[in-house]
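Topology and contacts: notes
This is what each chain is made of:
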Amino acid sequence: AATTPRATSWPPRAKTTLADLGAAHTQAVEDALHYLEQHGLGATRRRREAGEREVIPTTGFAGAMFTHGVNRNLDPHLHSHVVVVNAVHGIDGRWSACDGRGLDAHRRAAGGVYEASLRHGLTTSLGLRWDLPGPGRTSEIAGVPPALLGEFSSRGADVRMHAFATGARSSH
């Protein structure tokens, strides 16, 4: 899921601020998807004579984007889910299954494209500045106190408490 920094839920709910936030988020999702189409997407082919799998370039993928303004705990949290059809149009004109290995290999890079595009869009439209992220973290809007970020992070706290209680560890 493509997700905005927590503090983007905090600015005053002026119509122009919300419109700028939504536009920057949508553009960032589109930029990340374009990156995946160009670098991570392939069509799977089987060579009949050898039975080997071959991956060829495609003309793109089809899917649907669902955007939400809150998380499961109803905290303000703009994010999108993109569902992609497991059928791609190869450059040879045939439809076939998507080769998911390339998508998985480029998942983190696409996330970086999303974050960079979002920061650019919000800096340009709203003049925001950003704190440098720590390892494995996303950038947050500069000057927003951690306590305020915590007010909009109940879902994350619930996930961390469940992980602690069950001994689960993240793969990231």
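The present account deals with the structure reproduced in this document. Since we're looking at a predicted model, the values are computed, not measured.

Topic: the overall build of the protein
Secondary structure assignment for the protein yields 5 helices and 7 strands. Ordered by position from N to C terminus, the α and β elements of the protein give β-α-β-β-β-β-β-β-α-α-α-α. Taking all 172 residues of the protein together, 30% fall into the buried category. Sequence-distant contacts, at least 24 apart, represent 59% of the contacts inside the protein between residues at least 6 apart.

Focus: the pairing of strand β4 (residues 63-70)
Where β4 and strand β5 (residues 76-84) come together, 7 bridges link them in antiparallel fashion. When the sheet's bridge partners are listed, histidine 68 is paired in β5 with histidine 79. The antiparallel pairing of β4 with β5 creates a hairpin that spans 5 residues between the two strands, and leucine 74 there sits at a positive phi of about 70°.

Looking at unusual backbone geometry
Phi is positive for leucine 74, close to 70°, though the residue is something other than glycine. For leucine 74, the position within the fold is in the loop between β4 and β5.

Quick notes on the pairing of strand β2 (residues 43-46)
Judged from the 4 bridges that link them, β2 and strand β3 (residues 53-56) form a sheet pairing that is antiparallel. Within β3, the residue paired with arginine 46 across the bridge is arginine 53. Once β2 ends, the chain turns through 6 residues before running back antiparallel as β3, passing glycine 51 with a positive phi of about 70°.

Topic: helix α3 (residues 107-126)
Compared with an ideal rise of 1.5 Å per residue, which puts 20 residues at 28 Å, α3 spans 28 Å between its outermost C-alpha atoms and is within 8% of the ideal. Of all the residues in α3, the buried ones are Ala110, Tyr114, Ser117, Leu118 and Leu122. Buried residues along α3 cover an arc of 125° about the axis, so they all sit on one side. Opposite the buried face of α3, by more than 90 degrees, sit the exposed residues Arg108, His120 and Thr124. Immediately downstream of α3, the backbone of glycine 127 shows phi near 70°, a positive value.

What counts and what doesn't
Residues numbered from 1 in each chain as written. Predicted model: local features only at pLDDT ≥ 70, side-chain atom pairs only at ≥ 80, totals over all residues. Heavy atoms only, no water. Helix = DSSP H or I, 4+ residues; strand = E, 2+ residues; numbered from the N terminus. Buried < 20%, exposed > 50% of the residue type's maximum accessible area, 1.4 Å probe, protein only. Contact = heavy atoms within 4.5 Å. Pairing = 2+ DSSP bridges. Expected span 1.5 Å × (residues − 1). Arc of directions from axis to C-beta.

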